[in-house]
Amino acid sequence: MQAVLLEIHSIFRWLILLLLLLSVIQSFTGWRKSKELRSGDARLWLFTMVSAHITLLIGLYLLFFGRYGVLSAGLPEGVHLMKDKFYRFFWVEHPVGMVLATALITIARGVVKKQIRDPLKYKRAFWLFLLALVIILAVIPWPGLTVVGRPF
Ligand code: HEM
C-alpha cells in the first residue's frame, strides 16, 4: 500500500507540473490580452488545485506513516534533523515547500470568485501559479541531487 502511494505521489508530479505550466501560460495570456475569464480556464485551475490537494494528502500520509515516517519510523539514533541532509529535506524542506505551493495554488484558483475585473483575475492567478511552480521545481527530489535525489 505504501509503495503504491509513493508511486502515485511520484507520478502526480508530472500531472501537477503539466497543469501548472498550462495554468501559468493561460493566465499570462488572459492577463496580457485583457480577456474575459473563460470557463475552460477556470476548470483548468480547478483541476490544478485538485491534483495538488491529492498529492498533498498522500504526501502527508508518507510524511507521518511512510517508510521514513515521523510517527512510523522516527528519527534514527544520533541523527540531528536540521544537520542531516536527507531528513531535513524529506521532513522539512520538501513538505514545507509543497504545502506553501499548494496554498498558493488554492489562493490562485480562488481568484475566480473575486469581485474584480477578469484581466486582474488573470494577472493575480498568473503570479501565484508562477510562484507555486518555482517552489515545486525547487523542492522536488530530482534524480542527480546528492543524498535526496530519486529516479523519475
Ligand atoms: C505538489 C506537491 C508534491 C510533489 C510534486 C511531490 C513530489 C515528490 C516526489 C517526486 C517524491 C519522490 C518519490 C519517489 O521516491 O519515487 C516525493 C517523496 C516524498 N514526498 Fe512529496 N511531493 C509533493 C508534496 C508533498 C507534501 C505536501 C508532503 C508532506 C506533507 C510530501 C512528502 C513526501 C515524503 C515524506 C516523501 C518521501 C517518501 C518516501 O521516500 O518514503 N510531499 N514527493
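Just above sits the structure.
In what follows, the accompanying structure is described. (Residues numbered from 1 in each chain as written. Predicted model: local features only at pLDDT ≥ 70, side-chain atom pairs only at ≥ 80, totals over all residues. Heavy atoms only, no water.)

### Focus on the overall build of the protein chain
- Helices and strands together make up the secondary structure of the protein chain, namely four helices and zero strands.
- When the helices and strands of the protein chain are listed from N to C terminus, the series reads α-α-α-α.
- Referenced to the eigenvectors of the C-alpha coordinate spread, the extents of the protein chain come out at roughly 55 × 30 × 25 Å.
- The buried share of the protein chain, reckoned over its 152 residues, is 40%.
- Across the protein chain, contacts joining residues at least 24 apart in sequence account for 69% of those joining residues at least 6 apart.
- Accessible surface computed for the protein chain: about 8,800 Å², of which carbon and sulfur atoms make up 69%. (Helix = DSSP H or I, 4+ residues; strand = E, 2+ residues; numbered from the N terminus. Buried < 20%, exposed > 50% of the residue type's maximum accessible area, 1.4 Å probe, protein only. Contact = heavy atoms within 4.5 Å. Areas by Shrake-Rupley, 256 points an atom, 1.4 Å probe, with all protein chains shown as cover.)

### Concerning the coordination of the iron atom of the ligand
- Note on the iron atom of the ligand: its protein donors are H9 (NE2) and H94 (NE2). The metal-donor distances range over 2.0 Å.
- One can describe the donor arrangement at the iron atom of the ligand as octahedral, given that its six donor atoms subtend angles of 83 to 179 degrees at the metal. With H9 in helix 1 (residues 2–32) and H94 in helix 3 (residues 85–110), the pair connects residues that are 85 residues apart, well separated along the chain.
- You can call H94 buried: its relative accessible area is 14%. (Donors = N, O, S within 2.8 Å, 3.2 Å for Na, K, Ca; no water. Tetrahedral: all angles 85-135°; square planar, octahedral: opposite > 155°, others 65-115°.)

### Remarks on the environment of A108
- By secondary structure assignment, the location of A108 is in helix 3.
- Filtering out sequence-adjacent residues up to four positions away, A108 remains in contact with W45, A125, L128 and F129.

### Topic: the site of the ligand
- The ligand sits among 20 residues. The nearest are H9, R67, H94, M98 and R150.
- Taking R67, its side chain carries an N or O atom lying 2.9 Å from an oxygen atom of the ligand.
- With respect to the pocket detection grid, the ligand is positioned in the largest pocket.
- Mapped by element, the contributors of at least two residues to the shell around the ligand are helix 1, helix 2 (39–65) and helix 3.
- Among the elements that make up the shell around the ligand, the one with the highest residue count is helix 2 (six residues).
- Broken down by class, the residue content of the shell around the ligand amounts to twelve nonpolar, five polar and three charged. (Near = heavy atom within 4 Å. Polar contact = N/O pair within 3.5 Å; in protein donor to acceptor, adjacent residues only side chain to side chain. 1 Å grid on protein atoms, 1.4 Å probe; cavity = no way out; pocket = protein on both sides within 12 Å on 5 of 7 lines; lining within 4 Å. Sits in = over half its atoms within 2 Å of the grid points. Nonpolar A, V, L, I, M, F, W, Y, C, P; charged D, E, K, R; others polar.)

### As for helix 2
- In this model helix 2 runs 39 Å from its N-terminal to its C-terminal C-alpha over 27 residues, within 8% of the 39 Å that 1.5 Å per residue would give.
- When helix 2 is considered as a whole, its buried residues turn out to be D41, A42, L44, W45, T48, M49, S51, A52, T55, I58, L62 and L63.
- Among the structural elements, helix 1, helix 3 and helix 4 (118–139) are those in contact with the buried residues of helix 2. (Expected span 1.5 Å × (residues − 1).)

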